[in-house]
Amino acid sequence: MPELPEVQTVVSELAVLIVGKEITEIEEYYPNTLRIRCETEAYCSLVTEVSRRGKYILIHLANNHYIIVHLRMTGKLIYAETEGDLLKHERARIYFTDGTYLRFDDVRTFGTIDCLPEADLAQYFFKLGVEPLSEDFNYKYIKENIAKITSPIKSYLLDQNRIAGLGNIYVCEVLYRTGIHPLTKANEVKPKQLKLLVTEIKAVLAEAIECNGTTISDYRRVDDKTGSFQNFLQVYGKDYCPEGHELGKVKIGGRSTYFCPICQK
DNA sequence: AAGGCAGCCTGTAAGC
DNA sequence: TGCTTACAGGCTGCCT
């Protein structure tokens, strides 16, 4: 399931492949994959840049429009140079003038492709929280942001409207690294732990990006290669923590949460 | 208003 | 063996 590091990996690789190409057509093979919010011809423009906001992929076009892709859990963008049959779960294609194209493959069909003018961008991301790797995300921010939150710290960290980009896997890892129990009420996390939390969130994300992300079941890079951060996971999907303690597993907000009852208080 | 959770969807794996 | 059930989970929208 792609989280910030996986999306960043896709974005970096995508930029090399499609910046400078001109889109000719977007085809949809599964209903409601495309959510065009502009003139349908508007996406027929030159790709100038590929960037990321939270878990969203932004394809910038020369005509001041954006194609915004969200992979959700099982979405994949696969670059192809020669015409081929549809994959079993191919939901859409983005074609370029040179005949190359991007396949949007998504087993669970939750992924989406939006197209909108730049003027609508601010509204589109209006509610989205701070970028965790930016300077805006710091101790002062989290201290004020978290002050009135009584839900579990795990739920807080997963809330994209507060911090944009963390998913279930990295939240579990970060809480283990900082020794915070996932059920701790967010506003009861001690200042010292909160400072550590900021540091470790940035560290885990940076390390995972270095590894080209975590490959758990569905995620693949644009070239179908896998990331390697799963080799460094300490609790997610494990039975024991690195200290040898048996891990606990609880549902928080409907999500499986792995934690160490001894290391995390 | 904030928080909790069903629903969306399909493949895989476990259970009977 | 074959059927049923649980699980995976990001995000939206509904309900309290």
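Structure shown above.
This is a predicted model, so every value here is computed, not measured.

## Remarks on the pairing of strand 11 (residues 255-259)
Right, on to step 1. Pairing between strand 10 (residues 248-252) and strand 11: five bridges, direction antiparallel. By the bridge assignment for strand 11, Gly-248 is matched with Phe-259.

## What about the layout of surface pockets?
Right, on to step 1. The space that makes up the largest pocket amounts to roughly 800 Å³.
Right, on to step 2. What lines the largest pocket is a set of 28 residues, and nearest its centre among them are Lys-55, His-70, Arg-72, Met-73 and Gln-160.
Right, on to step 3. For the lining of the largest pocket, the secondary structure elements donating two or more residues are helix 2 (121-124) and strand 11.
Right, on to step 4. The residue makeup of the lining of the largest pocket, split by class, is eleven nonpolar, nine polar and eight charged.

## Observations regarding helix 1 (residues 4-18)
An α-helical turn contains 3.6 residues, so any two residues separated by three or four positions project in the same direction.
Right, on to step 1. If you check helix 1, its first and last C-alpha atoms are 20 Å apart, about what 15 residues at 1.5 Å a residue would give, namely 21 Å.
Right, on to step 2. Residues Leu-4, Pro-5, Glu-6, Val-7, Thr-9, Val-10, Val-11, Glu-13, Leu-14 and Ile-18 constitute the buried set of helix 1.
Right, on to step 3. Following helix 1 by one or two positions, Gly-20 has its phi on the positive side, about 100°.

## Some words on the sheet that holds strand 5 (residues 65-70)
Right, on to step 1. Spatially, the five strands line up as an open sheet ordered 2-9-5-4-3, and their pairing is mixed. This sheet does not close on itself; its edge strands, each paired only once, are strand 2 (34-36) and strand 3 (47-53). Across the sheet, the mean angle separating the axes of adjacent strands is 20° when strand polarity is ignored.
Right, on to step 2. Two strands pair when backbone bridges link them, and strand 4 (residues 56-61) and strand 5 are joined in this way by five bridges, in the antiparallel orientation. Bridged to His-60 within strand 5 is Tyr-66.

## Describing the environment of Arg-35
Right, on to step 1. Structurally, Arg-35 can be placed in strand 2.
Right, on to step 2. According to the relative accessible area criterion, Arg-35 is partly exposed, its value standing at 31%.
Right, on to step 3. Counting along the chain gives 33 residues from Arg-35 to Ile-68, while the straight-line C-alpha distance between them is 9.6 Å.
Right, on to step 4. Apart from residues lying up to four places away in sequence, Arg-35 is in contact with Thr-112, Ile-113, Asp-114, Cys-115 and Tyr-124.
Right, on to step 5. In terms of polar contacts, Arg-35 uses its side chain to reach the side chain of Thr-112, at 3.4 Å.
Right, on to step 6. At 2.9 Å, the side chain of Arg-35 forms a polar contact with the side chain of Asp-114.

## Here we look at the pattern of salt bridges
Right, on to step 1. On inspection of all chains with the given rule, the structure shows eleven salt bridges.
Right, on to step 2. A salt bridge links Arg-177 to Glu-200; the nearest nitrogen and oxygen atoms lie 3.3 Å apart. Linking Arg-177 in helix 5 (residues 168-178) with Glu-200 in helix 6 (residues 191-210), this pair joins segments that are 23 residues apart in sequence.
Right, on to step 3. Note on Arg-177: relative accessible area 24%, which makes it partly exposed.
Right, on to step 4. For Glu-207, the salt bridge identified is with Arg-177, shortest N-O distance 2.8 Å. Here the residue Glu-207 occupies a position in helix 6, and Arg-177 occupies one in helix 5, the gap between them amounting to 30 residues.

## Notes on the protein's contact with DNA strand C
Right, on to step 1. Not every one of the 14 residues close to DNA strand C is listed here, only the nearest: His-70, Met-73, Tyr-236, Lys-251 and Ser-256.
Right, on to step 2. In DNA strand C, atoms within 4 Å of the protein come 59% from sugar and phosphate.
Right, on to step 3. Breaking the surface near DNA strand C down by element, the ones donating at least two residues are strand 10 and strand 11.
Right, on to step 4. Each residue belonging to the surface near DNA strand C can be placed in one class, and the counts come to four nonpolar, four polar and six charged.

## Side note on the protein's contact with DNA strand B
Right, on to step 1. Inspection of the region around DNA strand B gives Tyr-30, Lys-88, His-89, Val-107, Arg-108, Thr-109, Phe-110, Ile-149, Thr-150 and Ser-151 as its neighbouring residues.
Right, on to step 2. Those atoms of DNA strand B that come within 4 Å of the protein belong to sugar or phosphate at a rate of 65%.
Right, on to step 3. One nitrogen or oxygen atom from the main chain of Thr-150 is found 3.0 Å from a phosphate oxygen belonging to DNA strand B.
Right, on to step 4. Tallied by class, the residues present in the surface near DNA strand B amount to four nonpolar, four polar and two charged.

## Details of the nonpolar core
Nonpolar side chains in soluble globular proteins generally cluster together in the buried interior.
Right, on to step 1. Of all hydrophobic cores here, the largest spans 37 residues; its most connected members are Ile-142, Ile-153, Tyr-156, Leu-157, Leu-166, Leu-197 and Ile-201.
Right, on to step 2. Broken down by secondary-structure element, the contributors of at least two residues to this core are helix 3 (139-146), helix 4 (153-158), helix 5 and helix 6.
Right, on to step 3. What Ile-153 contacts, discounting residues up to four positions off in sequence, is Ile-146, Leu-175, Ile-180, His-181, Pro-182, Thr-184, Lys-185, Ala-186, Val-189 and Leu-197.

Cut-off values and rules
Residues numbered from 1 in each chain as written. Chains lettered and ligands numbered in written order. Predicted model: local features only at pLDDT ≥ 70, side-chain atom pairs only at ≥ 80, totals over all residues. Heavy atoms only, no water. Pairing = 2+ DSSP bridges. Helix = DSSP H or I, 4+ residues; strand = E, 2+ residues; numbered from the N terminus. 1 Å grid on protein atoms, 1.4 Å probe; cavity = no way out; pocket = protein on both sides within 12 Å on 5 of 7 lines; lining within 4 Å. Points joined across faces, edges and corners; volume = space filled by probe spheres on them. Nonpolar A, V, L, I, M, F, W, Y, C, P; charged D, E, K, R; others polar. Expected span 1.5 Å × (residues − 1). Buried < 20%, exposed > 50% of the residue type's maximum accessible area, 1.4 Å probe, protein only. Axes fitted to C-alpha atoms, helices over the stretch in contact; angles between N-to-C directions. Contact = heavy atoms within 4.5 Å. Polar contact = N/O pair within 3.5 Å; in protein donor to acceptor, adjacent residues only side chain to side chain. Salt bridge = Lys/Arg side-chain N within 4 Å of Asp/Glu carboxyl O. Near = heavy atom within 4 Å. Core = buried A, V, L, I, M, F, W, Y, C linked by side-chain atoms within 4.5 Å.

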